[in-house]
Amino acid sequence: MNPFNPETTADRVLVFLRKKIGQPVEPKRLVKELKCSPENVVEAIGELRSWGYTIKADRNGRYTLTGIPDSYLSAEIAYHLGTKMIGRKIYAYQTVQSTNTIAAQLAAMKAPEGTLVIAEHQTRGRGRLGREWHSPEKVGLYCSLILYPKIHPTQAPGISLMTAVALAETINSYDEIDVKIKWPNDVLISGMKAAGILTELSAELDRVEYVIVGVGVNLNQKRSDFPSELRETATSVRIGTKEKVNRRQFLQRFLRNFEKEYFVFSKSGLKEARKNLLKYSALLNQEIKLKMGRKTIIGTVIDIDALGRLVLDTREGIIPFNAGEVSTH
Ligand code: BTN
């Protein structure tokens, strides 16, 4: 794990070098500014290099930061993030079974709201309906956020929907990309799945104790990186934009969008997000099949209402649905 800890010399050296990126810095200056020993500086530089930072030392012993690693280091995520609550505490791991599981453990121990749990790689990434979420190293985003919303448990699906809006807005900030939300919690690029949301909650009858919002995004996969069973249905942001994505920048944009959506949701529910849910909807005006357990309903999608329900025009009339698995063929 790599928690950003501004108390450690390595993170303080990093913050300093980050401000002077590309410029040589005298070790004497670091010793003076950070009030530490020359040995501490040497040790910190070694540690930063072991995390993947490129720090050149010249003949005069000056250090120049020239390269930032393409990984989810907590110091990098926190750098210029600018959110008030989301990501104020970050747990960044190399490998975990599932970030949702760790986030739930932290929430049970009352971790602060907005805590982010993120991993480079998941060995048991979980998807909806007991499916697996393919989580290979270096190409994706796998993270979970801890929330304590003051809502009734029946409003919890709204959190998945507002998360889908935050994801769609983030993906839409890249050029030339056709992003859609497939209710309730898939995000599509050019009709193929690029991201999924797994919201898990602990609740009493009338009160939510905590919500874990798990987000998986395919970012830098090429088509050949997907296992054969996913190749026809999955895509990535890179495939959509035809350019490699800076994963940390994507995450920061997502966290900012998420915070914006969450603050609005906390005040007024889905009223605001609904406009974007409709704007990005992959299903509006389409005839679909909605599978709920053994039952399948056929109808045309005419709305997503303020409670986040999918409203279908069916043979039995106009009916709003809370949940289900949608197919369009
Ligand atoms: C789905 O579309 O089925 C939801 C996929 C959610 C995957 C994410 S990856 C981070 C978090 N940890 C998990 O184990 N699952 C979610």
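Read on for a plain summary of the structure.

## With respect to the sheet that holds strand β8 (residues 192-204)
So, step 1. One open sheet accounts for seven strands, arranged β3-β4-β5-β9-β8-β7-β6; its pairing is mixed. A strand with exactly one partner marks an edge of an open sheet, and here the two such strands are β3 (90-96) and β6 (179-182). With strand direction ignored, the average angle separating the axes of adjacent strands in the sheet is 20°.
So, step 2. In the sheet, β3 pairs with strand β4 (residues 116-122) via six bridges, with the strands oriented parallel.

## A closer look at the sheet that holds strand β10 (residues 287-292)
So, step 1. Read from one edge of the open sheet, five strands run β13-β12-β11-β10-β14, paired in antiparallel fashion. This sheet does not close on itself; its edge strands, each paired only once, are β13 (317-321) and β14 (325-327). Averaged over all pairs of adjacent strands, the angle between their axes in this sheet comes to 45°, without regard to strand direction.
So, step 2. As paired strands, strand β12 (residues 310-314) and β13 are joined by five bridges and run antiparallel to one another. The partner of L310 across the bridge, within β13, is F321.

## Remarks on the site of the ligand
So, step 1. Around the ligand sit 20 residues in total, of which S98, Q122, R126, R128 and K193 are the nearest.
So, step 2. Here a nitrogen atom of the ligand and a side-chain polar atom of Q122 are 3.0 Å apart.
So, step 3. The contact in question runs from an oxygen atom of the ligand to an N or O atom on the side chain of K193, over 2.5 Å.
So, step 4. Relative to its unbound accessible surface of 420 Å², the ligand loses 98% to contact with the protein.
So, step 5. For the shell around the ligand, the secondary-structure elements that each account for two or more residues are α5 (99-108), β5 (140-147), β8 and β9 (207-218).
So, step 6. Among the elements that take part in the shell around the ligand, β8 stands out by supplying four residues, more than any other.
So, step 7. Its residues assigned to classes, the shell around the ligand comprises six nonpolar, 10 polar and four charged.

## Overview of α5
So, step 1. Looking at α5, one finds that the buried residues are T99, N100, I102, A103, L106 and A107. Buried positions in α5, seen along its axis, are confined to an arc of 160° and lie on one side of it.
So, step 2. The elements touched by buried residues of α5 are β3, β4, β5, β8 and β9.
So, step 3. Two or three places before N100, at the opening of α5, S98 has a side-chain oxygen 3.2 Å from that residue's backbone nitrogen.
So, step 4. K110, located one to two residues past α5, shows a positive phi value of around 65°.

## Remarks on the pattern of salt bridges
So, step 1. One pass over the full model with this rule turns up 15 salt bridges.
So, step 2. Among the salt bridges present, the one from E33 reaches R29, with a minimum N-O distance of 3.6 Å. Separated by four residues within a single helix, E33 and R29 lie in helix α2 (residues 27-34), roughly one turn from each other.
So, step 3. Residue classification places E33 among the partly exposed positions, given a relative accessible area of 42%.
So, step 4. For R29, a relative accessible area of 38% corresponds to the partly exposed category.
So, step 5. Ionic pairing is found between D178 and K180, a salt bridge with its closest N-O pair at 3.5 Å.
So, step 6. The class for D178 is partly exposed, based on a relative accessible area of 37%.
So, step 7. Counted as one network, the salt bridges with shared partners bring together R18, E76 and R248.

## Focus: the environment of T154
So, step 1. Residue placement: T154 occurs in the loop between β5 and α6 (157-172).
So, step 2. The spatial distance from the C-alpha of T154 to the C-alpha of D206 is 8.7 Å, given a sequence separation of 52 residues.

## Structural notes on the side chain of T163
So, step 1. The topology assignment puts T163 in helix α6.
So, step 2. Exposure remark for T163: the relative accessible area of 0% places this residue in the buried category.
So, step 3. Of note is the side chain of T163, whose polar atom sits 2.6 Å from the backbone oxygen of I159.
So, step 4. Not counting residues within four places of it along the chain, the set of residues in contact with T163 comprises I197, V213, V215, F254 and F258.

What counts as what
- Numbering of residues starts from 1 in every chain and runs along the sequence as written.
- Local features in this predicted model are restricted to residues of pLDDT 70 or higher, and side-chain atom pairs are both shown and tallied only at a pLDDT of 80 or more, whereas totals for entire chains, interfaces and linings draw on every residue.
- To obtain the side-chain values, all non-hydrogen atoms of the structure were used and water was disregarded.
- Pairs of strands are assigned from DSSP output, requiring at least two bridges between the strands.
- Helix and strand definitions here come from DSSP, where helices need a minimum of 4 consecutive H or I residues and strands a minimum of 2 consecutive E residues; each element is numbered from the N-terminal end.
- Each axis is a line fitted through C-alpha atoms, and for a helix only the stretch in contact is used; angles between axes span 0 to 180 degrees, taken between their N-to-C directions.
- Proximity is defined per residue: if any heavy atom of the residue lies within 4 Å of a molecule or strand, that residue is considered near it.
- Any pair of N or O atoms that falls within 3.5 Å is considered a polar contact. Within protein, one atom must be able to donate a hydrogen and the other to accept it, and sequence-neighbouring residues count only if both atoms are side-chain atoms.
- Per-residue and other accessible areas follow the Shrake-Rupley method at a 1.4 Å probe size, with only the shown protein chains counted as cover for residues.
- Gly is placed with the polar residues, together with every amino acid not listed as nonpolar (Ala, Val, Leu, Ile, Met, Phe, Trp, Tyr, Cys and Pro) or charged (Asp, Glu, Lys and Arg).
- Burial classification: accessible surface area is computed with a 1.4 Å probe over protein chains only, and a residue below 20% of its type maximum counts as buried, one above 50% as exposed, and the rest as partly exposed.
- This arc describes the spread of directions from the helix axis toward the C-beta atoms.
- By definition in these notes, contact holds between two residues if any of their heavy atoms fall within 4.5 Å.
- The salt bridge definition used is simple: a Lys or Arg side-chain nitrogen within 4 Å of an Asp or Glu carboxyl oxygen.

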